Amino acid sequence: MFNVSFNAKAMRLTSLTAAASVSVLLAACGGGTGSAQYSVDSNGNLTSASASTKLANGSTQTTTVSSTAPTTSASTTTTTTTGTTTTTPSPTTTAPTTSTTAPTTTTTAPTTTAPAPAPTTTTTAPTTTAPTTSTAMPYGQTGTNWTMTFSDEFTGTALNTARWNDTIWYEASNPTKNYAVSNGSLKIWPQRDATGKFFNRTIDTDGKYYQTYGFFEIEAKLSIGKGTWPAFWLFNHIGTRRPEIDIMEAYAGGGPASGWSDANFHPTAYAPTVWIDAGRLAGTKTILTSDLSAAFHKYAVKWEANKQTFYFDGREVYSLAVTMPDTMYIMLDLWYGSASGQPDNTTPTGIGNSYEINYVRAWKAN
């Protein structure tokens, strides 16, 4: 229902005025196309009209109007026209329902099967001959082009078991946890197990990474305390043979008289050593240092076909000419005994007294 009012003074009282009024009604009813019929009185006033309009959306709109007799007030004549409008939908306007959205909702479901990247945490890393996290060159080395073949910067929150074991091949892993990867380093610390005894911990790449010749380097800070014996070495168990290159093994036992540690069992020396086989020593040298638990230092070896050269913070400290052709794997460990003696109640336990390694890297000469 609608009402239309107009001022008779503003329009000529002719059939043209009525026709214009009906045109306005048609436009107001939807802006489509259509036809109209109307009648006027003797004075030219619209008395009734009907219009049929086809709208842009295809529906048909029908309008009928009738007018009241003119009234005059304050020199103004007003006619009120009242009418109704009905709309008949196009037969096709009801069909295009919004059901077209339903098929599109199913297209998202197949994508939920895509989390297949998980299987690509491929434990192919055992052959870590190239996937590195660092492009650094051997510390202090010049004149040789090196390609990195192994790198662990310990940036995660757990030991990468695709690269490392947490026990030596002839022992079961002690379930007492005394190592962790945190804050960018691997930490191994003295600890008593469930039986109350100190136990050895070995982290190695046996079965996962091997190399013959090259450059091997770590950056580490050592633990303290009677009995502690941290080491970084290359090794293999080939049948009954045991070729071995000890890049760093330090002792914190025996007190100052031993030359290995100070009065508080802080390590102050370490020994590069080469074993052609178990029981066949090729050479060794004791390197006297400052307290190796006070700061991080770099320990390295350049292993060539007929020569091994050892470095401390990039400075050559020992060289040995011996043929060592066997492939070997990397070992990091915190053991007890030998020149360190046996740990006791004075030996600090816990992560705060860790043999802490910032990185392990290996290269091959091009």
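Residues numbered from 1 in each chain as written. Predicted model: local features only at pLDDT ≥ 70, side-chain atom pairs only at ≥ 80, totals over all residues. Heavy atoms only, no water.

Visitor: Just to check I follow, could you spell out the nonpolar core for this structure?
Guide: For soluble globular proteins, the rule of thumb is that nonpolar side chains tend to be buried together. Ranked by internal contacts, the top residues of the largest apolar core, which has 44 residues, are F216, F232, I245, Y299, L332, Y355 and I357. Residues contacting F232, with those up to four places away along its chain left out, are F216, E217, I218, D246, I247, M248, Y299, I330, M331, L332 and Y355. Counting 12 residues, the second-largest nonpolar core is a separate cluster that includes W229, A231, W233 and W335. (Core = buried A, V, L, I, M, F, W, Y, C linked by side-chain atoms within 4.5 Å. Buried < 20%, exposed > 50% of the residue type's maximum accessible area, 1.4 Å probe, protein only. Contact = heavy atoms within 4.5 Å.)

Visitor: Please explain unusual backbone geometry as it appears in this structure.
Guide: Among all residues except glycine, the phi angle is most often negative; among peptide bonds, the trans geometry is most common. In this model, F154 sits at a positive phi of 55°, which is unusual for a non-glycine residue. Its location among the elements puts F154 in the loop between β7 (146-152) and β8 (179-182). Residue classification places F154 among the buried residues on the basis of a relative accessible area of 3%. (Helix = DSSP H or I, 4+ residues; strand = E, 2+ residues; numbered from the N terminus.)

Visitor: Explanation requested: the sheet that holds strand β21 (residues 329-336) in the structure shown.
Guide: Remark on secondary structure: sheet strands pair via backbone hydrogen bonds, oriented parallel or antiparallel. If you walk across this open sheet you meet the 6 strands as β10-β21-β12-β13-β15-β16, and the pairing is antiparallel. In this open sheet, the two edge strands, each paired with only one partner strand, are β10 (201-204) and β16 (280-284). When strand polarity is set aside, the average angle formed by the axes of neighbouring strands in this sheet is 20°. Relative to β21, β10 runs antiparallel, the two sharing 4 bridges. Bridge pairing in β21 links D204 to M331. (Pairing = 2+ DSSP bridges. Axes fitted to C-alpha atoms, helices over the stretch in contact; angles between N-to-C directions.)

Visitor: What is the right way to read the packing of aromatic side chains from this model?
Guide: By convention here, two paired aromatic rings are described through the distance between centres and the angle between planes. Per the counting criterion, the structure on display carries 22 aromatic pairs. When the centroid spacing of 6.0 Å and the interplanar angle of 85° are considered together, the rings of W229 and W335 count as edge-to-face. With W229 in strand β12 (residues 228-235) and W335 in strand β21, this residue pair connects regions lying 106 residues apart in the sequence. A relative accessible area of 17% places W229 in the buried class. When the ring centre of F150 is taken as origin, the NZ or CZ atom of R163, which lies over that ring, is 5.4 Å away. Taking the ring centre of Y179 as reference, the NZ or CZ of K177 above it sits at 5.0 Å. (Phe/Tyr/Trp six-rings, centres within 6.5 Å; stacked < 30°, edge-to-face > 60°. Lys NZ or Arg CZ within 6 Å of the ring centre and 35° of its normal.)

Visitor: How should I be thinking about the pattern of salt bridges in this particular structure?
Guide: The final tally for this structure, using the stated rule, is 6 salt bridges. When the shortest N-O distance is used, the salt bridge between D344 and K226 registers 3.5 Å. Of this pair, D344 sits in the loop between β21 and β22 (355-365) while K226 sits in the loop between β11 (214-221) and β12, placing them 118 residues apart in sequence. Residue classification places D344 among the partly exposed positions, given a relative accessible area of 26%. (Salt bridge = Lys/Arg side-chain N within 4 Å of Asp/Glu carboxyl O.)

Visitor: Quick question: what am I supposed to make of the environment of G225 here?
Guide: Residue placement: G225 occurs in the loop between β11 and β12. Note on G225: relative accessible area 2%, which makes it buried. Once the C-alpha coordinates of G225 and S261 are considered, the two residues, 36 residues apart in sequence, prove to be 9.4 Å apart. Beyond its immediate sequence surroundings of up to four residues, G225 is in contact with A252, F265, T347 and P348.

Visitor: Explanation requested: the side chain of S340 in the structure shown.
Guide: By the secondary structure assignment, S340 is in the loop between β21 and β22. The residues contacting S340, other than those within four sequence positions of it, are K226, G227, T228, W229, A250, Y251, A252 and G253.

Visitor: Even after reading the chapter, I still don't get the confidence of the model for the protein, so can you show me in this structure?
Guide: Across the protein, pLDDT averages 78, with 63% of residues at or above 70. Contacts for the low-pLDDT stretch residues 1-33, under 50 throughout, to residues beyond four places or in other chains number 63 contacts. Low confidence marks residues 91-133, where pLDDT is under 50. Its contacts with residues over four positions away, or in another chain, come to 23 contacts. (pLDDT = per-residue confidence, 0-100.)

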